[in-house]
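Topology and contacts: notes
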Amino acid sequence: MQADSKFLMIISSTSPEDIPEFIKKMFKECRLSNSKKLILHFISELSYPEFIQYARESLLDNIDLGVYIYTWKKEDTEQMLRKVIETKDSMKGLILYCDDNNKVIIEKIMQKIPNSIKANIIKDYCK
């Protein structure tokens, strides 16, 4: 069976120490959905290089999958939403992932996301 050209989109906010396990879980979801790429929107105060340091091993273990990583500051979520909306037609599904400390961030974002995108939620790890 050939993998779909559509991507899995992930919106996430979690503590730095949870990043390696989170990335592993998202790649597993990507494979289970028969997709070959994912787009990750990660909301944190971490810079992109800091995020990559935490995710490095998991990224290298899944080098065969395509991944686009966007790191956003909490105050940049409007920009992130525009990016999500502009790429919605190529989305296979949406996954939400957060830890208990960051649930509020994801909930606020989800209030602003159009219902047409919410309909594509395949997993919500924030509940």
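Here's a quick rundown of the structure. Please read all numbers here as calculations on a predicted model, not as lab measurements.

**Examining the packing of aromatic side chains**
To describe a pair of aromatic rings, one takes the distance between the centres and the angle between the planes. Within the structure shown, the criterion is met by five aromatic pairs. For the ring pair Y70 and W72, a centre distance of 6.1 Å and an interplane angle of 25° mean the geometry is stacked. You can call Y70 partly exposed: its relative accessible area is 26%. Each ring, one from Y97 and one from Y125, has its centre 5.4 Å from the other, and the planes form 55°; the classification is tilted. Within this pair, whereas Y97 is found in strand β4 (residues 91-98), its partner Y125 is found in the segment after β5 (121-124), the two being separated by 28 residues in sequence. Overall, the relative accessible area of 12% leaves Y97 in the buried class. Through a chain of ring-to-ring contacts, the aromatic side chains of F22, F42, F51, Y97 and Y125 assemble into a single cluster.

**Thoughts on the nonpolar core**
Counting 20 residues, the largest nonpolar core has I11, I43, M80 and I106 as the members making the most contacts within it. If you list the elements that add at least two residues to this core, you get β1 (7-13), β2 (37-43), α3 (77-86), β4 and α4 (103-112). Excluding its chain neighbours within four sequence positions, the residues that come into contact with M80 are I11, H41, I43, W72 and I109. Counting residues in hydrophobic clusters, the runner-up holds 19 residues, among them I10, L38, L46 and I69.

**Remarks on the sheet that holds β4**
Ordered in space as β3-β2-β1-β4-β5, the five strands form an open sheet in which the pairing is parallel. Only two strands of the sheet have a single partner each, and these edge strands are β3 (66-72) and β5. Taken over all neighbouring pairs, the strand axes of this sheet differ in orientation by 15° on average, direction set aside. Lying over the sheet, helix α1 (residues 19-32) contacts β1, β2, β3, β4 and β5, oriented at roughly 150° with respect to β2. Strand contacts of α4: β1, β2, β4 and β5, with the helix running at about 145° to β4, the strand carrying the most contacts.

**Description of α3**
Every buried residue of α3 is listed here: T77, M80, L81 and V84. On an axial view of α3, the arc spanned by its buried residues comes to 100°, and they lie on one face. Across from the buried face of α3, at angles greater than 90 degrees, the exposed residues are R82 and E86. Next to the buried residues of α3 lie β1, β2, β3, α4 and α5 (115-118).

**A look at helix α2 (residues 48-61)**
Residues spaced three or four apart along an α-helix face the same direction, because each turn holds 3.6 residues. Look at α2: 19 Å from first C-alpha to last across 14 residues, which is about the 20 Å you get at 1.5 Å a residue. The largest bend in α2 is about 65°, located at A55. Listed as buried for α2 are F51, A55, S58 and L59.

Rules behind the numbers
Residues numbered from 1 in each chain as written. Predicted model: local features only at pLDDT ≥ 70, side-chain atom pairs only at ≥ 80, totals over all residues. Heavy atoms only, no water. Phe/Tyr/Trp six-rings, centres within 6.5 Å; stacked < 30°, edge-to-face > 60°. Buried < 20%, exposed > 50% of the residue type's maximum accessible area, 1.4 Å probe, protein only. Helix = DSSP H or I, 4+ residues; strand = E, 2+ residues; numbered from the N terminus. Core = buried A, V, L, I, M, F, W, Y, C linked by side-chain atoms within 4.5 Å. Contact = heavy atoms within 4.5 Å. Pairing = 2+ DSSP bridges. Axes fitted to C-alpha atoms, helices over the stretch in contact; angles between N-to-C directions. Arc of directions from axis to C-beta. Expected span 1.5 Å × (residues − 1). Bend = angle between axes of the 7 residues up to and from the residue.

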